[in-house]
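Working through the structure, step by step
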There are 2 protein chains.
Amino acid sequence: MVDAAPAPIEADWSEADNCAGALGALVGGFGASARSAADCPVRDVLDRLGDAWSFLVVLRLADGPVRFNELKRQVGGVSQRMLTVTLRGLERDGLVDRTVFPTTPPRVEYRLTALGNSLVEPMTALTRWAATNHDSVRAARARYDTLPA
Amino acid sequence: MVDAAPAPIEADWSEADNCAGALGALVGGFGASARSAADCPVRDVLDRLGDAWSFLVVLRLADGPVRFNELKRQVGGVSQRMLTVTLRGLERDGLVDRTVFPTTPPRVEYRLTALGNSLVEPMTALTRWAATNHDSVRAARARYDTLPA
DNA sequence: CGGGATCCTACGTGATACTG
DNA sequence: CAGTATCACGTAGGATCCCG
């Protein structure tokens, strides 16, 4: 198997207002009711999209089905193992569909599920923000780094 | 200092189409031109929002200024160090503003900058998606985990 | 209260080799 | 081609102590 236990994060959020304020309300209101990260949608879902790879893979898959190695090339910089792990995770979460063609050599195609596709739009919003404000961020960094030691 | 080197990721994306397809176009088109992660807006920005903390902190800050320990409690589960590191990162990126009141005991307030605020909306889109589809994701996981060994 | 400095460990990650 | 298995490393992150 490839990395069994995902990490048994089990802190005590009993007093935490994890899903914070206005958005907390939007999300459904947590705080005292949330027992673990899994109970907080924001965390649960974002923890997965958190790792750059998942995000990039979904983005790439938004263009249509792709084969493993093609995907690997297009994403770029991802190791075979991480791509596999990432795809398994996305598949597990029902965002990606994996199809194996019993040919030789084997052919495996990955594509977004309906659920996965519904995620593309919100992700695009963030991506667009990134594109639009990339310069501002870089400028801010430069400024910050040129300050006192 | 707190964690100097951010991580010298310097792979060779020369052939990679990092910002993928349709969104790649939207983003500005990379591929052969991109030399490092820093050149890809999606990666550059998302790598920061990637870690759950940044995302959650910004979300919380969207409700208004907060003091350090208050923020720590509200986010929940974050260690003092990580909150500090996270806030420094956000400050560096120009998303968060840090104000120190020279009182005793010290009082430090964090609030979103204009740039930070502009990020709230796209983040909300993702958050809303998470809230809406959390059940589907959990269901998918349960299904996946009950399959063949 | 806010946070800097240290120490220490787990696990994420890449490189490599093997299979069908 | 599409993985799986193994190993070895780095660093992200938690715990702690202390200072202004």
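Bear in mind the structure is a predicted one, so any value in this text is a computation, not a measurement.

**Considerations on the sheet that holds strand 3 (residues 107–112) of chain B**
All names here are of chain B. Strand order in the open sheet made by the 3 strands is 1-3-2, with antiparallel pairing throughout. Because the sheet does not close on itself, it has two edges, and the strands there are strand 1 (66–67) and strand 2 (96–101). Relative to strand 3, strand 1 is paired through 2 bridges, and the arrangement is antiparallel. Its bridge partner lying in strand 3, Val-66 is registered against Tyr-110.

**Some thoughts on the packing of helix 2 (residues 41–50) of chain A against helix 6 (residues 114–145) of chain B**
One way to put it is that helix 2 of chain A packs onto helix 6 of chain B with a least axis distance of 8 Å and a crossing angle of 80 degrees. In this view, helix 2 of chain A runs roughly perpendicular relative to helix 6 of chain B, as classed from their interaxial angle. For the pair helix 2 of chain A and helix 6 of chain B, contact is made by A:Pro41, A:Val42, A:Asp44, A:Val45, A:Leu46, A:Arg48 and A:Leu49 and by B:Leu126, B:Thr127, B:Trp129, B:Ala130, B:Ala131, B:His134, B:Arg138 and B:Arg141, respectively.

**Regarding the pattern of salt bridges**
Across all of its chains, the model carries 12 salt bridges over all chains by this definition. With its nearest N and O atoms 3.1 Å apart, the salt bridge here joins A:Arg111 to A:Glu109. Residue classification places A:Arg111 among the partly exposed positions, given a relative accessible area of 34%. Across the salt bridge formed by B:Arg92 and A:Asp145, the nearest N and O atoms sit 2.3 Å from each other. Here B:Arg92 is found in helix 5 (residues 80–92), whereas its partner A:Asp145 is found in helix 6 (residues 114–145) on a different chain. Since its relative accessible area comes to 48%, A:Asp145 is described here as partly exposed. Taken together, the shared-partner salt bridges in this structure form one network comprising A:Asp44, A:Arg48, A:Asp93 and B:Arg141.

Definitions and cut-offs
Residues numbered from 1 in each chain as written. Chains lettered and ligands numbered in written order. Predicted model: local features only at pLDDT ≥ 70, side-chain atom pairs only at ≥ 80, totals over all residues. Heavy atoms only, no water. Pairing = 2+ DSSP bridges. Helix = DSSP H or I, 4+ residues; strand = E, 2+ residues; numbered from the N terminus. Axes fitted to C-alpha atoms, helices over the stretch in contact; angles between N-to-C directions. Parallel < 35°, antiparallel > 145°, perpendicular 65-115°, else oblique. Contact = heavy atoms within 4.5 Å. Salt bridge = Lys/Arg side-chain N within 4 Å of Asp/Glu carboxyl O. Buried < 20%, exposed > 50% of the residue type's maximum accessible area, 1.4 Å probe, protein only.

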